[in-house]
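Okay, here's what each chain looks like letter by letter:
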Amino acid sequence: MSGGMRELDGRRAVVTGGTRGGIGAAVTARLTDAGARVLTTARSTPDDVVHPELFVASDVGTAEGVARVAEAALNRLGGVDIVVHVVGGSRQEPGGVLALSDDDWQDAFAVNLFASVRLDRALLPSMIDQGRGAIVHVTSIQRRVPLPTTVPYAAAKAALTSYSKNLATQMAPKGVRVNTVAPGFVETAGARGMVSALAAADGVDENTSRRRIMDSIGGIPLGRPARPEEVAELVAFLVSDRASAITGAEHVIDGGSLRTI
Ligand SMILES: NC(=O)c1ccc[n+]([C@@H]2O[C@H](COP(=O)([O-])OP(=O)(O)OC[C@H]3O[C@@H](n4cnc5c(N)ncnc54)[C@H](OP(=O)(O)O)[C@@H]3O)[C@@H](O)[C@H]2O)c1
């Protein structure tokens, strides 16, 4: 974008998980393009960080890691207008629900629920003070259709959705909006790696491998996974003033995978 005012000029944003070609990287690029100053985080520092002052190496699955991100945001940005919590993830748990240990459950809830709770708790006071803010939590369609191989993940995303709804209600009178974005299959760089690995392991081409993954989640009527940039577009809308009356809502982006109404 060039010339004139951009939609998020002057806004200060925190995006978790902003590297490795994932959804967070696309959100970081999209919000930056719209004029926001975006501080992002990941556990490892990529070689090609353009603005080191806008990157914090930190594990948001821990209380200390979240505190480090929040402190950097308040110090380096001087406050926060937008928070997009993208980090999350699942491990395949092939042994069934009874094989899950306390650690399996705690690990899933640490990144998929507590990272949001802790980050919001640290950053919301400054948003409330200024009477303005927008928060997006990235969940998953698994919060509604849990897969049997990722039970703690689906449960944690459901908890994140419930928490987000309550937060939205409590924050609305203070000028802060809270929404969730629930993706289906998104072809991130990581997902592309998985498609290739499964293709090699099964001796099939990548289209077949991709189709098998799509079938495993019940198919995608649109015929393809979403792109990270498409999820970023939705997030960019939700944090903008164009969405000024939208709060407490879940926004599914799944190419039609969910068949429920
Ligand atoms: N991709 C999909 O199909 C899909 C579908 C539904 C929902 N989602 C949700 O969308 C979100 C993003 O998924 P994605 O596929 O884009 O992820 P991804 O490609 O695996 O990207 C993960 C990003 O987060 C960082 N990260 C991971 N764990 C972290 C931690 N504990 N602390 C700080 N940074 C961390 C990674 O960098 P480091 O490894 O260096 O830390 C990387 O920057 C997740 O919440 C996921 O549950 C994704």
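Now for a quick tour of the structure. Just so we're clear, the structure is a prediction, and the values are computed from it rather than from any experiment. (Residues numbered from 1 in each chain as written. Predicted model: local features only at pLDDT ≥ 70, side-chain atom pairs only at ≥ 80, totals over all residues. Heavy atoms only, no water.)

On to the sheet that holds strand 4 (residues 82-85), then. The strand order across the open sheet built from seven strands is 3-2-1-4-5-6-7, with neighbouring strands paired in parallel fashion. Each having just a single partner strand, strand 3 (55-57) and strand 7 (250-253) make up the two edges of the open sheet. On average, each strand axis in the sheet is inclined to that of its neighbour by 15°, with strand direction left out of account. Across three bridges, strand 1 (residues 12-16) lies against strand 4 in parallel orientation. Within strand 4, the position partnered with Val15 by the bridge is Val84. (Pairing = 2+ DSSP bridges. Helix = DSSP H or I, 4+ residues; strand = E, 2+ residues; numbered from the N terminus. Axes fitted to C-alpha atoms, helices over the stretch in contact; angles between N-to-C directions.)

Now for the environment of Thr32. By secondary structure assignment, the location of Thr32 is in helix 1 (residues 23-33). For Thr32, a relative accessible area of 38% gives the class partly exposed. Measuring from C-alpha to C-alpha, the distance between Thr32 and Leu74 comes to 18 Å, with 42 residues separating the pair along the chain. Not counting the four nearest positions on each side in its chain, Thr32 is found in contact with Arg6 and Val38. (Buried < 20%, exposed > 50% of the residue type's maximum accessible area, 1.4 Å probe, protein only. Contact = heavy atoms within 4.5 Å.)

Moving on, we get to helix 6 (residues 206-216). Inspection of helix 6 places Ser209, Arg210, Ile213 and Met214 among the buried residues, and these make up the whole buried set. Looking straight down helix 6, one finds that the buried residues subtend no more than 140° of arc, so they occupy a single side. When the buried face of helix 6 is taken as reference, the exposed residues oriented beyond 90 degrees from it are Asn207, Asp215 and Ser216. The secondary structure elements touched by the buried residues of helix 6 are helix 5 (189-202). The opening residue of helix 6 is Asp205, an N-cap whose side-chain oxygen sits 3.3 Å from the backbone nitrogen of Asn207. Positioned one or two residues after helix 6, Gly218 has a phi angle of 90°, which is positive. (Arc of directions from axis to C-beta. Polar contact = N/O pair within 3.5 Å; in protein donor to acceptor, adjacent residues only side chain to side chain.)

Burial along strand 7 is one-sided: His251 and Ile253 are buried, while Glu250 and Val252, pointing the other way, are not. For strand 6 (residues 176-183) and strand 7, the ladder comprises four bridges, and the chain directions are parallel. Within the sheet, the bridge partner assigned to Ala182 lies in strand 7 and is Val252.

The next thing to look at is the nonpolar core. In summary, soluble globular proteins display a tendency toward joint burial of nonpolar side chains. If you look at the biggest cluster of nonpolar residues, it comprises 30 residues, and the most contacted ones within it are Val14, Leu39, Leu123 and Ile135. Put simply, the parts of the chain that give this core at least two residues each are helix 2 (63-77), helix 3 (102-130), helix 4 (151-171) and strand 6. Take this core: its biggest share by element is eight residues, from helix 3. Residues within four places of Val14 in sequence aside, it is in contact with Leu39, Val69, Ala73, Leu77, Val80, Ile82, Val83, Val84, Leu119 and Leu123. Ile23, Ala34, Val181 and Ala232 belong to the second-largest nonpolar core, a separate cluster that totals 26 residues. (Core = buried A, V, L, I, M, F, W, Y, C linked by side-chain atoms within 4.5 Å.)

Inspection of the secondary structure puts Ala63 in helix 2. In the structure, Ala63 is positioned 76 residues away from Thr139 in sequence and 20 Å away in space, judged by C-alpha atoms.

Our next topic: the site of the ligand. Taken together, 28 residues are adjacent to the ligand, and Thr19, Ile23, Ser44, Val86 and Tyr153 come closest. Between the ligand and Lys157, the relevant distance is 2.8 Å, taken from an oxygen atom to a side-chain nitrogen or oxygen of the residue. At 2.8 Å from an oxygen atom of the ligand is found a main-chain nitrogen or oxygen belonging to Val186. Contact with the protein chains covers 85% of the free accessible surface of the ligand, which is 890 Å². Residues of the shell around the ligand, tallied by class, amount to eleven nonpolar, 13 polar and four charged. (Near = heavy atom within 4 Å. Areas by Shrake-Rupley, 256 points an atom, 1.4 Å probe, with all protein chains shown as cover. Nonpolar A, V, L, I, M, F, W, Y, C, P; charged D, E, K, R; others polar.)

Looking now at the pattern of salt bridges. Inspection of the entire model under this criterion finds 14 salt bridges. Among the ionic pairs, Asp104 bridges to Arg91, the shortest N-O distance being 3.0 Å. In this pair, Asp104 is assigned in helix 3 and Arg91 in the loop between strand 4 and helix 3, connecting sequence segments 13 residues apart. Asp104 sits in the buried class, given a relative accessible area of 15%. (Salt bridge = Lys/Arg side-chain N within 4 Å of Asp/Glu carboxyl O.)

This brings us to the pairing of strand 4. Side chains Ile82 and Val84 of strand 4 all project onto a buried face; the interleaved residues Val83 and His85 project onto the opposite face, where all are buried too. Bridge count between strand 4 and strand 5 (residues 133-138): four bridges; the pairing is parallel. Each bridged residue has a counterpart across the sheet, and for Val83 the counterpart in strand 5 is Ile135. Once you follow strand 4 into helix 3 and on to strand 5, the crossover reads as right-handed. (Right-handed = clockwise from strand over helix to strand, strands pointing away.)

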